[in-house]
Amino acid sequence: MTEQKGSLVRQLYMPAVLCTALWGSAAPCIKAGYGLFGIQTGQSFSQLVFAGWRFALAGLLVLLVAKCKKHRIIPRREEWQPILWISLFQSMIQYTCYYIGLSMTTGLKGSVLSGTQTFFALIFAHLFLQNDKLNRQKSIGCLCGLAGVLVLGMGGLNGFNLSGDGLVLLSAVSSGAGALVSRMFTPGRDPMLLTGWQLFLGGLVLYGIGAAGGGRLGTVSLPGVLLLGYMVVLSAAAFTIWTALLGKFPIGKVSLFGFLIPVFGALFSAVVLAEDVFTLRNLAALALVSGGIAIANYVRTDKTGAGQAE
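Definitions and limits used
- Residues numbered from 1 in each chain as written.
- Predicted model: local features only at pLDDT ≥ 70, side-chain atom pairs only at ≥ 80, totals over all residues.
- Heavy atoms only, no water.
- Core = buried A, V, L, I, M, F, W, Y, C linked by side-chain atoms within 4.5 Å.
- Buried < 20%, exposed > 50% of the residue type's maximum accessible area, 1.4 Å probe, protein only.
- Contact = heavy atoms within 4.5 Å.
- Axes fitted to C-alpha atoms, helices over the stretch in contact; angles between N-to-C directions.
- Helix = DSSP H or I, 4+ residues; strand = E, 2+ residues; numbered from the N terminus.
- Parallel < 35°, antiparallel > 145°, perpendicular 65-115°, else oblique.
- Left-handed = near helix turned anticlockwise from the far one by under 90°.
- Nonpolar A, V, L, I, M, F, W, Y, C, P; charged D, E, K, R; others polar.
- Polar contact = N/O pair within 3.5 Å; in protein donor to acceptor, adjacent residues only side chain to side chain.
- Salt bridge = Lys/Arg side-chain N within 4 Å of Asp/Glu carboxyl O.
- Phe/Tyr/Trp six-rings, centres within 6.5 Å; stacked < 30°, edge-to-face > 60°.
- Lys NZ or Arg CZ within 6 Å of the ring centre and 35° of its normal.

Chemist: Residue-level account of the nonpolar core, with values.
Modeler: Core analysis: the biggest nonpolar cluster contains 70 residues, and W23, F50, Y99 and W242 have the highest contact counts within it. Setting aside residues up to four positions removed in sequence, F50 forms contacts with I30, G33, Y34, F37, I39, Y99, L217, L228 and M231. If you look at the next biggest cluster of nonpolar residues, it comprises 10 residues, including A56, L63, I86 and L194.

Here you go:
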């Protein structure tokens, strides 16, 4: 029992928490990047150019690391379809909506709405995968996590606007669909190969759309380049680890950790954007999210002493 829990901590819990911490830092970093690169609200094509640079470079970084680790980096013919499907949902649609929507909402609220991707991932898995259904324990954990997200979001979606919050929410739907697609295509394939190419192709598409519409980075400075470099590294690391986890564990086990994204997003929004996030409401949300993860991932011991996940 202790050995099984220790294995889960090393193989699932710690990598998943690391990914959510990295993604939680993304929303405030993106908003800070808009300021550093002179990108204004409403300059959608420039926002997509910014996104395109980030993800294309992240994809190249993943492929470079894969090459250094002696991985194959040229996809076989049958691997292009999975790469394109994953890239469509996890890079192209998701971040087109996210980058444009985030410019019209706060870093905290953007992180909160992004956390709902977990809910959509669990729903899609329940609907389309025979071996990844919602049971009572996972449902209770999911509802606790969702309640935490809603509490963190100022009592729900009060003040919801379609142009900003709606697009961020749509990006969460696309991310949930992307988790399903990754779960379907990743097993038996190299996650670094899939991640590198889906990020690179998605970045090229985002950049191409932005550049075709006249988008550009208004100001290039050392702080901006350093921030972009951090975002490239976080994307490369988080997507590679997350894709590998989805190939090894059920969506329900992995995606539930996505409820931590708004918690980390709140913390980073306080540090990077100086937003007021340390309130009783936010602490209550943290308790709900952490409790939801604990409930959904609790492994009880049966009478024979073997661990059994609910």
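Chemist: Describe the packing of helix 2 (residues 26–36) against helix 3 (residues 44–68), naming the residues involved and giving the relevant values.
Modeler: As a packed pair, helix 2 and helix 3 sit with axes 11 Å apart at the nearest point and diverge in direction by 125°. Considered as vectors, helix 2 and helix 3 are oriented oblique to each other. Remark: the crossing between helix 2 and helix 3 carries right-handed chirality. From helix 2, A26, I30, G33 and Y34 reach across to helix 3, where they touch Q47, F50 and R54. Looking at the contact of helix 2 with helix 3 residue by residue, the classes come out as four nonpolar, two polar and one charged.

Chemist: Help me get a handle on the side chain of S269, residues and values and all.
Modeler: Within the fold, S269 resides in helix 12 (residues 261–272). For S269, the side chain forms a polar contact with the main-chain oxygen of G265, separated by 2.7 Å. When neighbours within four sequence positions are excluded, S269 is seen to be in contact with P28, G107, L108, A274 and E275.

Chemist: Go over the pattern of salt bridges, please, and point to the residues and values.
Modeler: Counting across every chain of the model gives one salt bridge. The closest approach of N and O atoms between R72 and E79, which form a salt bridge, is 2.9 Å. With relative accessibility at 32%, the residue R72 sits in the partly exposed group.

Chemist: Before we move on, can you summarise the packing of aromatic side chains with the specific residues and values?
Modeler: One pass over the structure, following the stated rule, counts 18 aromatic pairs. Ring centres of W53 and Y207 lie 5.8 Å apart, and the angle between their planes is 75°; on these two criteria the pair is classed as edge-to-face. Within this pair, whereas W53 is found in helix 3, its partner Y207 is found in helix 9 (residues 191–212), the two being separated by 154 residues in sequence. W53 gets classed as partly exposed once you look at its relative accessible area, which sits at 38%. Over the ring of Y95 we find R54, and its NZ or CZ is 5.8 Å from the ring centre.

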